[in-house]
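What the coordinates show
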Amino acid sequence: MIKLLKVLTACTLVFCSCRTGQVEPKASDDYDFSEVDKFIEGHADDYNNQVIVLVSQNGQLIYRKSIGLDEHTAKPIASATKWLSAAVMMSLVGQGKLSLSDTIGKYLPIFTAHRKGSITIRQLFAHTAGFGGDSPQKYEYKRLMTLAQAVDSIAVYTPLIAHPGAEFDYGSAGMQIGGRIAEIVSGKKWQDLFDDRIAGPCGMTADYRSVRNPIIAGGVRTTAADYLRFLEMLVNRGTYNGHRVLSEEAIDAMLTDQTVNAKITGTPYAHNPFSPTPDRPVRYGVGNWLDVFDSDGKVVESSSPGLFGTHPWQDSKHKIAGIIFTQTTPRQSSMASLEIRQMIRKILD
């Protein structure tokens, strides 16, 4: 019995060390990231001296830099949530449960009754539905409401300020409606649906915190390591560990401009000054910003940074998944993060 207990104790220690220990990148002579190390160290204040940067290529970690934070510490990620929620919707599209061209009135007649039923699911997730970003009453953030109650309230009390499809106005109201439609067509609560469709297949944990009224556009708490797995699935064209999570068509849709030349009236991210085309307006796909293009106008990088500083991105050209994970004050670290991405891009080139 004593021997058995020793074996079990040893196994437990091994498991715990694997779970909480640092993940080190594979040794490689291909890339020299020493300048990136120096830059991050020199800009530690921008991240409140708490940041971890993880970069993988073809599923293999090639870069890791941490200051006061590790990859297994969970923090709220604000709008980095949008990419995760968009993936849920695209999984439903891939299975024919709904279409991006479907109108919301098809699933929620209350919107038709209030002359908002012609909005499409595409417009909800491209921020062109016609709402002013967030609802003025902040229904999408009210924890005492259910998701159904919040969405019904948006239908009744939140006015459209633009014709659907005409203007891009970044916010949460549209995605909240999309989350409710996903519950209706799947018959599952949003967190359960996310776990079944995305988190489970990607081997990640990410919680929307509010169970009754999950904030579809910004409510997730997760870790850098978990989010990186999701990004690796995207870079691998919808598969993770050999299992299909999203169709290739879904990946293409997510990385395609879905704003259809809508006028940009409300955005926190008009331009990427560290892209090869710094004056080019940043457009939006499904749940992510299309912020780096090649000379032919093809999207090569996209991202979904959040208000609290966490900055995930994918690089289709170099097969890169990357995340800068932190907790900062609003917009405190955005320029430093964009410059880190530029430095890594140049090293890979």
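Quick caveat, the model's predicted, so the values are computed rather than measured.

Regarding its fold elements, the chain presents 11 helices and 14 strands. For 349 residues, the compact-globule estimate of 2.2 N^0.38 gives 20 Å, and the C-alpha radius of gyration of the chain, at 21 Å, lies within 12% of that figure. C-alpha extents for the chain along the principal axes are approximately 65 × 60 × 35 Å. Looking at the chain as a whole, 54% of its 349 residues are labelled buried. Put simply, 66% of the contacts in the chain that link residues at least 6 apart link residues at least 24 apart.

In this structure the tally under the stated criterion is 15 salt bridges. Between Glu35 and Lys38 there is a salt bridge; the shortest N-O distance is 3.4 Å. Residue Glu35 and its partner Lys38 are located together in helix 2 (residues 34-42), separated by three residues, close to a single helical turn. Residue class for Glu35 comes out partly exposed when judged on its relative accessible area of 45%. In this structure, Asp226 and Arg229 form a salt bridge, with 2.6 Å as the shortest nitrogen-oxygen distance. One end of the pair, Asp226, and the other, Arg229, are both in helix 9 (residues 224-235), three residues apart, so they sit about a helical turn from each other. Ionic contacts of the salt-bridge type, sharing partners, join the residues Asp291, Glu301, Arg341 and Arg345 into one network.

Our focus in this paragraph is the packing of aromatic side chains. Under the counting rule described, the total for this entry stands at 13 aromatic pairs. Their ring planes at 70 degrees and their centres at 6.1 Å tell us that Tyr170 and Tyr284 sit as a pair that is edge-to-face. In this pair, Tyr170 is assigned in the loop between strand 4 (167-169) and helix 7 (173-186) and Tyr284 in strand 10 (residues 283-284), connecting sequence segments 114 residues apart. Among the residues examined, Tyr170 registers a relative accessible area of 17% and is labelled buried. With a centroid separation of 4.9 Å and an interplanar angle of 90 degrees, the aromatic rings of Tyr284 and Trp289 are classed as edge-to-face.

A separate point is the sheet that holds strand 13 (residues 311-315). Taken together, the seven strands give an open sheet; going across it, the order is 2-1-14-13-12-11-10, and neighbouring strands pair in antiparallel fashion. Edge strands, defined here as strands with exactly one partner in the open sheet, are strand 2 (60-67) and strand 10. Across seven bridges, the pairing between strand 1 (residues 51-57) and strand 14 (residues 320-326) is antiparallel. Bridge pairing links Ile52 to Phe325 in strand 14. Lying over the sheet, helix 3 (residues 81-94) contacts strand 10, strand 12 (299-303) and strand 13, oriented at roughly 55 degrees with respect to strand 13. In the packing of helix 11 (residues 334-348) onto the sheet, contacts are made with strand 1, strand 2, strand 11 (289-293), strand 12, strand 13 and strand 14, and the angle to strand 13 comes to roughly 25 degrees.

Conventions we followed
- Residues numbered from 1 in each chain as written.
- Predicted model: local features only at pLDDT ≥ 70, side-chain atom pairs only at ≥ 80, totals over all residues.
- Heavy atoms only, no water.
- Helix = DSSP H or I, 4+ residues; strand = E, 2+ residues; numbered from the N terminus.
- Rg over C-alpha atoms; globule rule 2.2 N^0.38 Å.
- Buried < 20%, exposed > 50% of the residue type's maximum accessible area, 1.4 Å probe, protein only.
- Contact = heavy atoms within 4.5 Å.
- Salt bridge = Lys/Arg side-chain N within 4 Å of Asp/Glu carboxyl O.
- Phe/Tyr/Trp six-rings, centres within 6.5 Å; stacked < 30°, edge-to-face > 60°.
- Pairing = 2+ DSSP bridges.
- Axes fitted to C-alpha atoms, helices over the stretch in contact; angles between N-to-C directions.

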